[in-house]
Amino acid sequence: MTDINPIIADRFTDHLDVFSKTMDQMDVIQEIANRCIVALNSGNKILFCGNGGSAADSQHLAAELIGRFKKERRSLASIALTTDTSILTAVANDYDYDAVFARQVEGLGRSGDVLIGISTSGNSKNVVKAVEMARNIGMHTIAFTGEGGGKLAELCDLTLAIPSTVTARIQEMHILAGHIICELIEEDY
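Residues numbered from 1 in each chain as written. Predicted model: local features only at pLDDT ≥ 70, side-chain atom pairs only at ≥ 80, totals over all residues. Heavy atoms only, no water.

**Digging into the side chain of threonine 141**
Along the chain, the position of threonine 141 falls in strand E4 (residues 140-145). Once residues lying within four places of it in the same chain are set aside, the contact partners of threonine 141 are Leu115, Val131, Ala134, Arg135, Leu155, Cys156, Asp157 and Leu158. (Helix = DSSP H or I, 4+ residues; strand = E, 2+ residues; numbered from the N terminus. Contact = heavy atoms within 4.5 Å.)

**Re the pattern of salt bridges**
Counted under the stated rule, the structure contains 10 salt bridges. Notably, a salt bridge pairs arginine 35 with glutamate 31, separated by 3.0 Å at the nearest N-O pair. Of this pair, arginine 35 and glutamate 31 both sit in helix H2 (residues 26-41), four residues apart, roughly one helical turn. Taking relative accessible area as the criterion, arginine 35 reaches 25% and is therefore assigned partly exposed. Measuring nitrogen to oxygen at the nearest pair gives 3.5 Å for the salt bridge that ties arginine 103 to glutamate 106. You can see arginine 103 and its partner glutamate 106 sitting in helix H5 (residues 100-108), three residues apart, about one turn around the helix. Accessibility expressed as a relative area gives 40% for glutamate 106, which makes it partly exposed. (Salt bridge = Lys/Arg side-chain N within 4 Å of Asp/Glu carboxyl O. Buried < 20%, exposed > 50% of the residue type's maximum accessible area, 1.4 Å probe, protein only.)

**Topic: the sheet that holds E4**
A sheet is described by the order of its strands in space; here five strands give the open sequence E2-E1-E3-E4-E5, paired in parallel fashion. Of all the strands in the sheet, just strand E2 (78-80) and strand E5 (158-161) have a single pairing partner and so form its edges. Each strand of the sheet is rotated relative to its neighbour by a mean of 15°, with strand direction disregarded. Where E4 meets E5, four bridges bridge the pair, whose relative direction is parallel. The residue of E5 that forms the bridge with isoleucine 142 is leucine 158. Each of strand E1 (46-50), E2, strand E3 (114-118) and E4 touches helix H3 (residues 53-66); the most contacted strand, E1, lies at about 160° to it. Here helix H8 (residues 167-187) sits on the sheet and contacts E1, E3, E4 and E5; the angle it forms with E4, its principal contact strand, is near 140°. (Pairing = 2+ DSSP bridges. Axes fitted to C-alpha atoms, helices over the stretch in contact; angles between N-to-C directions.)

What follows is the structure, given as structure tokens:
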């Protein structure tokens, strides 16, 4: 048997440390779920956006709501703004990459909808612009960020700011929180 690389144990330790600190935000996770439940029960939808790994998280969480998370229930209205390559490339080409999510929010979002912007720094320009557009429309705005929250924390109604500056640890907590939110939403259906 070979020796285990110490990176493995270190990453588990890092993960547990950030996990422990994130538990202090269980009330924020509950409130995010509550806002989503109210929106869905009112006939509104949840929009998600983010870049890179956060784009993947957006798609993942939207899929959990459209499909199912743990139980059979009706499909719940959610859209990942990260998935339509024709829209993303056309808007980036014709306007600017910073507008790729804001243009979709403008076209698809309605007052009472929820926008969840995911950015580990909290400063992704295209996510910030999407939140600004959502606020103008009268949407509820929620941020998943890292430590400090960045610009999104200033703009959003609610912010889940993971107490870390390490992208991987932040993303691990984002998907955990997202799964918890999906489970809480499903309880209502």
